[in-house]
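An overview of the molecular structure
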Amino acid sequence: MKRSNTRDISSFFSKKPITENASQVQTSEENPIPEINITRAPQPSAQGSSPSVTIPPPVVDIVNLSHDPGKRKKLIDFHPNERDLVRRMYIQRGPCQPVDHVFPKTLFGTKERRFNVKWFDSSWRPWLEYSVFKDAAFCFICYLFKAENTAGGDAFVSEGFKAWNRIETIRDHVGKHTSSHNNAVITMELFTKQKGSIVTALSKQTDEIMSAYRKRLEASITAIRWLLLQGLPFRGHDESENSMNRGNFISLLALLSEHDPEYSKVVLKMAPGNCQLTSPIVQKDIINACAKETTKAILEERKFVTHHSSNPAQS
C-alpha cells in the first residue's frame, strides 16, 4: 500500500525559506546579539608623551670663580658634587690678600680706622682675607669648611667684618680648641692631606695585602722546591694545629717562619683563613708551575747547546 504523504529524500536537504519576521524573531529571541562597548584608549597628551629626561647638574665654571670673598657664591649654593672641586680650586689660589691695595678709612666716633695690611703677616695669615668689593675681612678656612648650623664666626663668612676699631674680635675669631674655626682647620687639614683620604687609605691597604701575599707565596714556593729536590712527601696524616707531626710541608713553613721575621708575619696563623696557601690544591698548582719552569729551562738549555754545536765557529 502506497503512502500518500511520502517525501523525496532530496527534500530533507532543501533550504527553507526564511521570512523577514521570522529572521527578526530568531535573531532577537533565540540568538540575541550582545552589545559591545567599544572604548577608545586615552590618547597621551603632548605634554605627557615626551619621555622624562634627567637634567644633569650644571658644571661649575672654575675659571670664573671670584677670588674676592665679597663676590663669592656661597658654598652651599653649589651642587653637592661640585663643592669639593670648588674647595680644591680655592685652596690652590689661597686666601685673597691684596697687599698693594689702598685700604679706605672709616670713621669710628672721632677717629678714622682701616684694615691694616700688617695683619696678613701675623698668625692670621693662613685664614684672614680682605674683600676690596665690600671693604671687609673674611675667614678663608671657615668659608670652605665651616660646618653648617654652627654658631660662631658668621660675620667672617657671610657679610664680612668691618669694625676696624675692634681688633679683639679678629683675635677672638680663632677661639679655643673646640671652636668652629679650629674644627674647620682640622677638616681642611684632613681634606688636603692625601693620607686622610679614603681612596689613598684603601690603596695603601691593598698594597700591604699584596705585599703580604707575595711573601706568603714565596715561603710556600721555597718549601715546595726543597721538598721536591729531596724527594720527600708533602702531606701528613694529621695536619691540625694540635698535631705533633703536621707533615713535611707545614713543618717546613713553621721552620721558615721561626728563622725569618718577614715570613713569621704572613704565614700559617698570621695568614687570612681563606688565603694561607697551604691546601693540597695550592701545593699541586705550585708543583705544576715548578715543573713547567724546569721543563722550559731544560729546553732552552738544550736549544742553546744544539745551536752552538751546529755552529763551531760561534763557540
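Worth saying up front: this structure is predicted, and the values here are computed from it rather than measured. (Residues numbered from 1 in each chain as written. Predicted model: local features only at pLDDT ≥ 70, side-chain atom pairs only at ≥ 80, totals over all residues. Heavy atoms only, no water.)

**Topic: the packing of helix α3 (residues 83-93) against helix α6 (residues 180-192)**
Relative orientation of the contacting elements α3 and α6 amounts to 95°, with a least axis distance of 12 Å. Taken together, the axis directions place α3 and α6 in an arrangement best described as roughly perpendicular. When α3 is examined against α6, the residues D84, R87, R88 and I91 are found in contact with a partner set consisting of M188, F191 and T192. (Axes fitted to C-alpha atoms, helices over the stretch in contact; angles between N-to-C directions. Helix = DSSP H or I, 4+ residues; strand = E, 2+ residues; numbered from the N terminus. Parallel < 35°, antiparallel > 145°, perpendicular 65-115°, else oblique. Contact = heavy atoms within 4.5 Å.)

**Observations concerning the pairing of strand β3 (residues 128-131)**
A two-sided burial pattern is seen for β3, the buried positions comprising L128 and Y130 on one face and E129 and S131 on the other. The sheet contact formed by β3 and strand β4 (residues 136-139) spans four bridges and is antiparallel. What sits directly across from L128, in β4, is C139. Counted along the chain from β3 to the antiparallel partner β4, the turn is four residues long, and its residue D135 has a positive phi close to 50°. (Buried < 20%, exposed > 50% of the residue type's maximum accessible area, 1.4 Å probe, protein only. Pairing = 2+ DSSP bridges.)

**Here we look at the layout of surface pockets**
The volume enclosed by the largest pocket comes to roughly 600 Å³. Residue lining of the largest pocket: 25 residues in total, with K74, L75, I76, Y143 and V157 positioned closest to the centre. A per-element tally of the lining of the largest pocket places helix α4 (residues 140-145) first, with four residues. Of the residues in the lining of the largest pocket, the class split is ten nonpolar, four polar and eleven charged. Within this model, the second largest pocket holds a volume of roughly 210 Å³. What lines the second largest pocket is simply E241, R246, I250, S257, S264, V267, L268, K269, M270, Q276 and T278. The residue inventory of the lining of the second largest pocket, partitioned by class, reads four nonpolar, four polar and three charged. (1 Å grid on protein atoms, 1.4 Å probe; cavity = no way out; pocket = protein on both sides within 12 Å on 5 of 7 lines; lining within 4 Å. Points joined across faces, edges and corners; volume = space filled by probe spheres on them. Nonpolar A, V, L, I, M, F, W, Y, C, P; charged D, E, K, R; others polar.)

**Let's talk about the confidence of the model for the chain**
Averaged over all residues, the pLDDT of the chain is 79; the fraction at 70 or higher stands at 72%. Within the chain, helix α1 (residues 20-30) has the poorest average pLDDT of any element, 46, and β3 the best, 95. Below pLDDT 50 for its whole length, residues 21-31 participates in five contacts with residues either more than four positions away or in separate chains. (pLDDT = per-residue confidence, 0-100.)

**Thoughts on unusual backbone geometry**
A positive phi is found at D135, a non-glycine position, where the angle reads about 50°. When you line up the elements, D135 lands in the loop between β3 and β4. One non-glycine residue, L268, lies in positive phi territory at about 55°. Residue placement: L268 occurs in the loop between α9 (261-264) and α10 (280-310).

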